Amino acid sequence: MGGGHYPAPSDASGAYDRHICCGPSPLVGSRQSLWGGRCFVALPEQVVTLDERPGLRAFFFVATWSRLRNRASPRVEEAMQFPSLVRFWCVAGVACAVAFPAPSPGQDVEPPNIILMLVDDLGWTGTSVQMDPNVPDSASDYYQTPSLESLAARGMRFSDAYATPVCTPTRAAMQTGKSAAQLQMTDVTGAADLHGDRYVDFYTGRPLTPPIVREFLPRGEETIAERIRSSTPAYKSGLFGKWHLNFENGPTPLSQGYNAASAGLNSSLPASENPNRIFSITEQAIEFMENRVDEQTPFFLNINHLAPHTPWEARPETLAKYESLPPGERHTNPLYAAMIEDLDTGIGQVLDAVEQLGIADNTYVIFASDNGPLGSARASESLPLYDFKGTVY
């Protein structure tokens, strides 16, 4: 969970080095390649003065919970006055604006909109955003992501973010606020098949055999969509893209509190213009926002992109651009670079829609990756961080 690789400043106004868990890890205190997980947060302007808004202060408290939990800390003690918030990681800090708006006397507070974007297998150096001001190599020397650069410039960069080694544990933790170990979901769905390739190849013949993992999110677990709905029934929640918390007859987003859900299928876009369903997922997410604005209802929107997970796909024109550019010294693959830019374009379309719909001043935007980059292809090496997706050291 939280760790101190690059120390965070003591003030709450800087743009860098916010410590946060992008999905709690079952290995407390371990230095993991999962720091490959990236997390940006863009906040409404008024949140800059956090000390004046007690209901929002848990955003930082919950983020530092794992680092402080064994120390006497007034901040942790204050955060624990809100046990329903401590259950959720950084999203809890955002969701507390719904549950505990803490307005000034006589002040009406409009419930904020919350957009959580989660991408798949994006490494710490996988964009053109420099994640640490003291580490030039914490940005790619080849990939171009202007939308994420804009988001990071307007918000805060959590340069010491952690995630679990693979996607399902992170997704389960982000939905429930519980660690992968608590949920017994420490591997991907389907890993419990004792005769499957994953169990036979990865679990057997090792010095330490992992326990059998659950195949899906337990139905009794409360998701953040359910928590928000119970706190403020006016909210509508939507999840578009990858769920990956069920196997065969497991729970779906619609059975876990979401009002709308889609995996980005059934799109009218031609396959060549919809690599890894980036743009169909984006279209459906924007339509969800438009409908909520028309209804004048606040929303929680979870956009779970499949990219840049395999298969690597990109629009032909984006690929042609990178094939004509000189490669970097560390990042050289034009197809992977083009996919990253297409993903950034989809993210930019969502951010543009937020502006066009007139809701930017009351919308939280959170961007994170589920784990580090794919190691076998080495397309997005994480140096100066150690190792890749699937490792815990």
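Cut-offs used in this document
Residues numbered from 1 in each chain as written. Predicted model: local features only at pLDDT ≥ 70, side-chain atom pairs only at ≥ 80, totals over all residues. Heavy atoms only, no water. Helix = DSSP H or I, 4+ residues; strand = E, 2+ residues; numbered from the N terminus. Axes fitted to C-alpha atoms, helices over the stretch in contact; angles between N-to-C directions. Parallel < 35°, antiparallel > 145°, perpendicular 65-115°, else oblique. Contact = heavy atoms within 4.5 Å. Nonpolar A, V, L, I, M, F, W, Y, C, P; charged D, E, K, R; others polar. Salt bridge = Lys/Arg side-chain N within 4 Å of Asp/Glu carboxyl O. Buried < 20%, exposed > 50% of the residue type's maximum accessible area, 1.4 Å probe, protein only. Pairing = 2+ DSSP bridges. pLDDT = per-residue confidence, 0-100. Core = buried A, V, L, I, M, F, W, Y, C linked by side-chain atoms within 4.5 Å. Arc of directions from axis to C-beta. Phe/Tyr/Trp six-rings, centres within 6.5 Å; stacked < 30°, edge-to-face > 60°. Lys NZ or Arg CZ within 6 Å of the ring centre and 35° of its normal.

1. What about unusual backbone geometry?
Item 1. Look at the link from Ala307 to Pro308: it is a cis peptide, with omega at 0°.
Item 2. Locating Pro308 in the fold gives a position in the loop between β6 (299-304) and α11 (316-323).
Item 3. If you check the backbone angles, Gln184 has positive phi at about 55° while not being a glycine.
Item 4. Positionally, Gln184 belongs in the loop between α7 (180-183) and α8 (197-203).

2. Remarks on the packing of helix α10 (residues 278-295) against helix α12 (residues 334-356)
Item 1. Contact geometry for α10 and α12: axes closest at 10 Å, N-to-C directions at 10°. The orientation of α10 relative to α12 falls into the category roughly parallel. Together, Ile278, Phe279, Thr282, Ile286 and Met289 of α10 and Met339, Asp342, Leu343, Thr345, Gly346, Gln349, Val350, Ala353 and Val354 of α12 make up the contact between the two elements.
Item 2. Its residues placed into classes, the contact of α10 with α12 shows nine nonpolar, four polar and one charged.

3. Observations regarding the pattern of salt bridges
Item 1. This model, assessed by the stated rule, comprises 13 salt bridges.
Item 2. Arg198 is paired through a salt bridge with Asp187; the nearest N and O atoms lie 2.9 Å apart. Taken together, the positions of Arg198 in helix α8 and Asp187 in the loop between α7 and α8 put the pair 11 residues apart, joining distant regions of the chain.
Item 3. Owing to a relative accessible area of 27%, Arg198 belongs among the partly exposed residues under this scheme.
Item 4. In this structure Asp187 comes out as buried when scored by relative accessible area, which is 6%.
Item 5. Glu273 is paired through a salt bridge with Arg315; the nearest N and O atoms lie 3.3 Å apart. Remark: Arg315 occurs in the loop between β6 and α11 and Glu273 occurs in the loop between β5 (260-262) and α10; sequence separation between them is 42 residues.
Item 6. On the accessibility criterion, Arg315 (18% relative accessible area) is buried.
Item 7. Several salt bridges converge on common partners, so that one network encompasses Asp120, Arg171, Lys242 and Asp370.

4. Focus: the packing of helix α5 (residues 146-154) against α12
Item 1. Close contact between α5 and α12 brings their axes to 7 Å; oriented N to C, the two are set at 50°. Between α5 and α12, the angle is such that the two are oblique. Contacts between α5 and α12 involve Pro146, Ser147, Leu148, Leu151 and Arg154 from the former and Asp344, Ile347, Gly348, Leu351 and Glu355 from the latter.
Item 2. In terms of residue class, the contact of α5 with α12 is made up of five nonpolar, two polar and three charged.

5. Brief notes about the pairing of β6
Item 1. For β6, the tally of buried residues reaches six of six residues, placing the bulk of the element in the interior.
Item 2. Covered by surrounding structure in β6 are Phe299, Leu301 and Ile303 together with Phe300, Asn302 and Asn304, the residues of both alternating faces.
Item 3. Bridge analysis of strand β2 (residues 113-119) against β6 gives five bridges, and the strand direction is parallel. Across the sheet, the residue bridging to Met117 is Ile303, located in β6.
Item 4. Summarising the sheet, strand β4 (residues 236-241) and β6 pair through six bridges and their orientation is parallel. Its bridge partner lying in β6, Ser237 is registered against Phe300.

6. Re the confidence of the model for the protein
Low-confidence regions, as indicated by low pLDDT, have predicted coordinates that should not be scrutinised in detail.
Item 1. Of all residues in the protein, 70% attain a pLDDT of 70 or more, and the chain-wide mean is 74.
Item 2. Within the protein, the element-level pLDDT minimum falls on helix α1 (residues 54-68), averaging 23, and the maximum on α11, averaging 98.
Item 3. Low confidence marks residues 1-102, where pLDDT is under 50. Its contacts with residues over four positions away, or in another chain, come to 287 contacts.

7. Some thoughts on the nonpolar core
Item 1. Counting residues in each nonpolar core, the largest one holds 42 residues, and the members touching the most others are Ile115, Met117, Met289, Leu301, Ile303 and Phe367.
Item 2. Looking at this core, the elements with two or more residues in it are β2, α5, α10, β6, α12 and β7 (363-369).
Item 3. Take this core: its biggest share by element is 11 residues, from α12.
Item 4. In contact with Met289, not counting residues within four places along its chain, are Ile115, Phe299, Leu301, Val350, Ala353, Val354 and Leu357.
Item 5. Membership of the second largest hydrophobic core comes to 20 residues, among which are Leu116, Leu217, Leu239 and Ala368.

8. Some points on helix α9 (residues 224-231)
Item 1. Within α9, burial applies to Ile224, Ala225, Arg227 and Ile228. Burial along α9 is one-sided: seen end-on, the buried residues are contained in an arc of 165°.

9. Here's the deal with the packing of aromatic side chains
Item 1. The final tally for this structure, using the stated rule, is nine aromatic pairs.
Item 2. For the pair Tyr143 and Tyr336, a centre-to-centre distance of 5.5 Å together with 50° between the ring planes defines the contact as tilted. A residue pair is termed long-range when its members are at least 10 positions apart, and Tyr143 in the loop between β2 and α5 and Tyr336 in helix α12 qualify at 193 residues.
Item 3. For Tyr143, a relative accessible area of 2% corresponds to the buried category.
Item 4. For Arg292, the ring lying beneath its charged end belongs to Phe288, and the centroid distance is 4.7 Å.
Item 5. In this structure, Arg315 packs its charged tip against the face of Phe279, placed 3.5 Å from the ring centre.

10. Digging into the environment of Tyr162
Item 1. As for its position among the elements, Tyr162 is in the loop between β3 (156-157) and α6 (167-176).
Item 2. The spatial distance from the C-alpha of Tyr162 to the C-alpha of Gly372 is 9.4 Å, given a sequence separation of 210 residues.

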